[in-house]
Amino acid sequence: ANRRYLTDSLRLSHEDEFEADAWAAKTIGAEPLAGALFSIVTKERFLQEDFWRKVHAQADHTQQPTMLPFQQMASALRAGYDAAEALAAYDEQPSDSGDESLTHPSIGARCAKLAVDPRRQRKDAAMAAELYLQTALPRLAHELDLEWWAEHGSEWRARHREVQRARRRIARLEETYRQ
């Protein structure tokens, strides 16, 4: 009974998402919506697999981050996000296989319902945050960075201490080996 309830809930959740997409497409158009959906999924992948990994890697070298994530995120997207690479990664994405265990339908399924190819993107579209938040964006990024550091600072410092201890042990072992 629980399995059936879960399956029915996921199916209804997917239908709700398709209905919301249909309404959004009526408002802004199917192609801009598909482009936004594609941009979100590919940029999220870049942030998770590249950006956040680099932010956290700083803990190996510094007690506090030199690159605050939210203040640097827009720059990182402009400098490091490659739309062609994202397109290739999107074509290889296993999550776009129609797996019903996902809480949301895949971007491919959502765009198929809209009868639009999500890979057709406008190259010079402004980021929504820059467009809608304008002057508030730096203050908001600063606040998000403060909250992020408050939540993750102790883990960061623990990681830094652990890496520094390991480096000292390695240096002692290398010194012992040389003698």
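Look up: the structure comes first, before these words.
Numbering of residues starts from 1 in each chain and follows the order in which that chain's sequence is written. It should be noted that, the model being predicted, local features are given only for residues of pLDDT at least 70 and side-chain atom pairs only at 80 or more, the latter also being counted only at that level, while totals for whole chains, interfaces and linings use all residues. In computing side-chain properties, one takes all heavy atoms of the structure into account and sets aside hydrogens as well as water.

### Considerations on the packing of helix 2 (residues 30-57) against helix 3 (residues 69-80)
Helix packing geometry: the angle between the two helix axes and the distance between the axes. In the contact formed by helix 2 and helix 3, the axes pass within 11 Å of each other and the chain directions differ by 120°. It follows from the interaxial angle that helix 2 and helix 3 lie oblique. Considering only the axes of helix 2 and helix 3, their crossing is right-handed. Each of Lys43, Phe46, Leu47, Phe51, Trp52 and Val55 in helix 2 lies in contact with helix 3, whose residues at this interface are Pro69, Phe70, Gln72, Met73, Ala76, Leu77 and Gly80. Each residue is assigned to one class: nonpolar for Ala, Val, Leu, Ile, Met, Phe, Trp, Tyr, Cys and Pro, charged for Asp, Glu, Lys and Arg, and polar for all the others, Gly among them. Taken together, the residues of the contact of helix 2 with helix 3 sort by class into 10 nonpolar, 2 polar and 1 charged. Simply put, an axis is a line fit to the C-alpha atoms, just over the touching stretch for a helix, and the angle between two N-to-C directions goes from 0 to 180 degrees. Counting from the N terminus, the helices are the DSSP runs of H or I reaching at least four residues and the strands are the DSSP runs of E reaching at least two. Any angle that is under 35 degrees is reported as roughly parallel, and any over 145 degrees as roughly antiparallel; angles of 65 to 115 degrees are reported as roughly perpendicular and all others as oblique. Helix crossings fall into two classes, left-handed where the near helix is turned counterclockwise from the far one by less than a right angle and right-handed where it is turned clockwise. Residue contacts are defined here by distance: any two heavy atoms, one from each residue, within 4.5 Å place the two residues in contact.

### Considerations on a nonpolar patch on the surface
Think of a patch as exposed residues, more than 30% relative accessible area, with no salt bridge, where like charges cluster within 9 Å and nonpolar side chains (Val, Leu, Ile, Met, Phe, Trp, Tyr) cluster within 5 Å. The accessible surface values rely on the Shrake-Rupley method and a 1.4 Å probe; as for residues, cover is taken only from the protein chains in view. By convention in these notes, a salt bridge is any Lys or Arg side-chain nitrogen within 4 Å of a carboxyl oxygen on Asp or Glu. On the surface, Leu131, Tyr132, Leu133, Leu140 and Leu144 cluster together to form a nonpolar patch covering roughly 470 Å² of accessible area. Elements supplying a minimum of two residues to the nonpolar patch: helix 6 (128-133) and helix 7 (136-178). Top contributing element to the nonpolar patch by residue count: helix 6, with 3 residues. For Leu131, the position within the fold is in helix 6.

### A few points about the packing of helix 2 against helix 5 (residues 107-114)
Helix 5 packs onto helix 2 with a crossing angle of 175° between their chain directions and a minimal axis gap of 10 Å. When the interaxial angle is binned, helix 2 and helix 5 end up roughly antiparallel. Counting all contacts with helix 2, which are made through Ala30, Leu33, Ala34, Leu37, Phe38 and Val41, the residues of helix 5 involved are Ile107, Arg110, Cys111 and Leu114.

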